[in-house]
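# Commentary on secondary and tertiary structure
These are the residues of each chain, in order.
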Amino acid sequence: MNQIHASENFAWAEILKQQARQLGQQDAFVLLNRRVHIAERLSFAAFAQAVFALATQIAADFQPGDRLLLLYEPGIDFCIALWACLVSGRVAVPVYPPGDPRTRERFFKLSKAAEASGVLTTQKIRDQIRLARWLLPRLMRLKWLSSDTFKTNNPQQEWPHPDYDQVALLQYTSGSTSEPKGVMLSHQSLQANIASLTQARLIGREQAQERFVSWLPQYHDMGLVSGVLYPLVLGSISIILSPLDFLQKPVRWLQAISDYQGSLSCAPNFAYELCLKRISDQQMQGLDLNSWKLALNGAEPVRPDTLRRFSERFAAWGFQPESMYPSYGLAESTVFVSGGVPQQAPEIRVFSQAGLLQNLALAPTNVQDQRELVSLGRCWGQTRIEIRDPQSQQVLPEGQIGEIYLSGPSLGLGYWREPELSQARFQQTEDGLWLQTGDLGFLFEQSLFISGRHKDLIIINGENYSPSDLEQTVEQAHPDLRRGCGVAFSIGEPEKLILVQEVRASTEDALSEIKVQILAHFAQHWHLPVADLLLVKAGVLPKTSSGKIQRRRCRAMYTKNKFKDLKS
Amino acid sequence: MTQKEIENWLIQAVAQILDRQPENIDPLLPFAQLGLDSGEAVALTGDLEDLLEQELEPTLAFEYPSIQKLSQHLAQA
């Protein structure tokens, strides 16, 4: 077992060769089908050769630093392509296949924004796209390479170290269609994050050998690191399922862990909820989750209730409560930021709700005044954390709520071709680069707690949505809707989407028709259920002096039934 | 199963997911417009697999995006 030391950079090609030498014919990647049977497998030796062959071809076709879209179904081909980009120093831009009409626009915007030079894909997807005439004109100028059918003689075996400070990967953040933002992750960011994961994982279990199971989308940070990058660096098997197969029958995730003795598997909170809701006792028959030592829960708020119910319910099938591993992370810092000590039950703390509203972490004064929060542990590796006052930027002491700032080598270099946004969020100071996360939280007994989100972000089923994007879609649905006078926010747990839109006074008799049009137009753009849509009179929504909608006040007004829907 | 049977089953299933009365579920309306998110639409195909005892593509409810279209397709298949 090869452990990577913190702060030590390594050449990607050397890792591949080392694993091929030491682990040879053992499985590096295994892809499972819908029956949770092995559909495809590749050994460490074969994987290294496949990567070197593709990297050789890429190096011949593209210049160092060129952006290449990675257009793949979930599987091993994606893993080869990603590693080939790393080895050859071409920038990987993972995207999902443009099969769904609703994601087409996003795909085009993204490929344009990334200023891609080429596309890596499979022959199958390429054939499908050739048939789709609407796609051709916009993608013709890109150079296409089918990574599963090309032939190369004498794959190059020797590769230089990457330029550790150069961009290795553009990680596009999920959800929002209007302005795709690509976090520039350097080789250094990726390797530093891997080192911090390694440090966290091994506390108290120094000899642990992992078997990774992941159904997470490979094009997103958590699936990319925990399913594609990290296993190979460790010399561990990575067992892959398709996200759709998981969503179709969540039991497949647990069955894969049981059948293939998975020890490390990550998912956002909603996935654990989905297991509770959609897996029957009968489906669990014969399954054993005893091998699952790190059930990492991250990328969206970790709910105390979910941890408890999941541990209680699945204990009958060998799940250990101490395997639950709540964590905090974000793509701007590669993926992983903080987490607890492995194999210790998650810590759920009770704070005063009244105190939290005043930005203070205090003990509750009575039983009504309680709010539970999950400890997200401490930072690992060289990552540093500060809680700052959102107005004065002063660093706050323990127990005070403020905005979370991060520093350290896992940080990205900024957003691709977004200098203003990059400067605003990635702040260069005398004390190095600091990231403004947009999350609100506090430190308590050296552990991190998240108490809210700063940016009014809406998170549904693990996807982040920017309210302004959703508001824009609504107001475009009908000419009688007032521009800039609509609001989107979420309420409850799990979050539900609420839309409130002002209409012009003259249109009140056609309101039902307008509602139908809004919902139809919205559904064309977003895969997102609308829990409630209200049409209100002009001037009802609270605005700032500069005319911006006050979303938080809107939410508060909505929950107190202060809006009068014109239609009802 | 006949199309009518599948359609009725789907109406019940969607009503349950959305916490609404079955008579308020319009089988002609697209799933998204009924209020189903993409995850729920995929989950529906999983439950249909159990009902019909056959493997179904997770994306089926996107290709046949209403209760009527989906039940029609499944009855013919």
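Everything that follows concerns the structure shown earlier in this document.
Everything quoted here is computed from the prediction, not taken from an experiment.

Check the secondary structure of chain B and you find five helices and zero strands. Starting at the N terminus, the α and β elements of chain B follow one another as α-α-α-α-α. Computed over C-alpha atoms, the radius of gyration of chain B comes to 11 Å, within 12% of the 11 Å expected from 2.2 N^0.38 for 77 residues, which places it in the range of a compact globule. Taking the principal axes of its C-alpha atoms as reference, chain B extends roughly 30 × 25 × 20 Å. Burial statistics for chain B: of 77 residues in total, 36% are counted as buried. Here the contacts in chain B between residues at least 6 apart in sequence split such that 48% fall between residues at least 24 apart.

Our focus in this paragraph is the packing of helix α1 (residues 12-23) of chain A against helix α2 (residues 44-61) of chain A. All names here are of chain A. Axis separation between α1 and α2 bottoms out at 7 Å; the angle between their running directions is 150°. The angle between the axes of α1 and α2 places the two elements in the roughly antiparallel class. Where α1 crosses over α2, the handedness of that crossing is left-handed. Listed contacts from α2 to Leu16, Lys17, Gln19, Ala20 and Leu23 of α1 are Phe44, Ala45, Ala48 and Val51. Across the contact of α1 with α2, the residue classes break down as seven nonpolar, one polar and one charged.

Let us now look at the environment of B:Lys4. With respect to the helices and strands, the residue B:Lys4 is situated in helix α1 (residues 3-18). Separated by 71 residues in the primary sequence, B:Lys4 and B:Ala75 have C-alpha atoms spaced 8.7 Å apart.

A few words on the sheet that holds strand β25 (residues 481-491) of chain A. Residue and element names in this part refer to chain A. Judged by pairing direction, the sheet is mixed, and its three strands sit side by side in the order β25-β26-β27 without closing on themselves. Lying at the two open borders of the sheet, with one neighbouring strand each, are β25 and β27 (530-537). Averaged over all pairs of adjacent strands, the angle between strand axes in this sheet comes to 20°, irrespective of strand direction. Bridge count for β25 against strand β26 (residues 496-503) is seven bridges, and the pairing is antiparallel. Across the sheet, residue Gly486 finds its bridge partner in β26, namely Gln501. Its contacts with the sheet place helix α16 (residues 467-475) against β25 and β26, and it is angled at close to 135° to β25. On top of the sheet, helix α17 (residues 511-525) reaches β26 and β27; it is set at about 135° to β27, its chief contact.

A separate point is the interface of chain B and chain A. With 16 residues of chain B at the contact, the number on the chain A side is 16 residues. For the side of chain B that touches chain A, the secondary structure elements donating two or more residues are α2 (31-34) and α3 (38-52) of chain B. Here the side of chain B that touches chain A takes six residues from α3(B), the largest share from any one element. A breakdown of the residues in the side of chain B that touches chain A according to their chemical character gives seven nonpolar, seven polar and two charged.

Moving on, we come to unusual backbone geometry. We note that A:Gln446 has phi near 70°; this positive angle belongs to a residue other than glycine. If you trace the backbone, A:Gln446 turns up in the loop between β21 (432-444) and β22 (447-453). On the neighbour-count criterion, A:Gln446 (10 C-beta atoms within 10 Å) is exposed. For B:Glu53, which is not glycine, the phi dihedral falls at a positive 50°.

As a further point, take the pairing of strand β1 (residues 27-32) of chain A. With five of its six residues buried, β1(A) lies for the most part within the structure. Between β1(A) and strand β2 (residues 38-43) of chain A, which pair antiparallel in sequence order, lie five residues; one of them, A:Val36, sits at a positive phi of approximately 60°.

Further remarks concern helix α3 (residues 76-88) of chain A. Residues and elements named next belong to chain A. The first and last C-alpha atoms of α3 sit 18 Å apart over 13 residues, in line with the 18 Å expected at 1.5 Å per residue. In terms of burial, α3 is a largely internal element, 13 of the 13 residues being buried. Positive phi appears at Gly89, one or two residues downstream of α3, with a value of about 75°.

Residue and element names in this part refer to chain A. Core analysis: the largest hydrophobic core is formed by 196 residues, its most contacted members being Val51, Leu68 and Leu70. Counting residues per element, this core draws most heavily on α3, at eleven residues. Not counting chain neighbours up to four residues away, the residues in contact with Leu68 comprise Phe62, Cys85, Arg90, Val91, Ala92, Val93, Ala116, Ser117, Gly118, Val119 and Leu120.

Reading the values: rules and limits
Residues numbered from 1 in each chain as written. Chains lettered and ligands numbered in written order. Predicted model: local features only at pLDDT ≥ 70, side-chain atom pairs only at ≥ 80, totals over all residues. Helix = DSSP H or I, 4+ residues; strand = E, 2+ residues; numbered from the N terminus. Rg over C-alpha atoms; globule rule 2.2 N^0.38 Å. Buried ≥ 20, exposed ≤ 12 C-beta atoms within 10 Å, placed from the backbone. Contact = placed C-beta atoms within 7 Å. Axes fitted to C-alpha atoms, helices over the stretch in contact; angles between N-to-C directions. Parallel < 35°, antiparallel > 145°, perpendicular 65-115°, else oblique. Left-handed = near helix turned anticlockwise from the far one by under 90°. Nonpolar A, V, L, I, M, F, W, Y, C, P; charged D, E, K, R; others polar. Pairing = 2+ DSSP bridges. Expected span 1.5 Å × (residues − 1). Core = buried A, V, L, I, M, F, W, Y, C linked by C-beta atoms within 7 Å.

Just distances and angles here, no functional claims.
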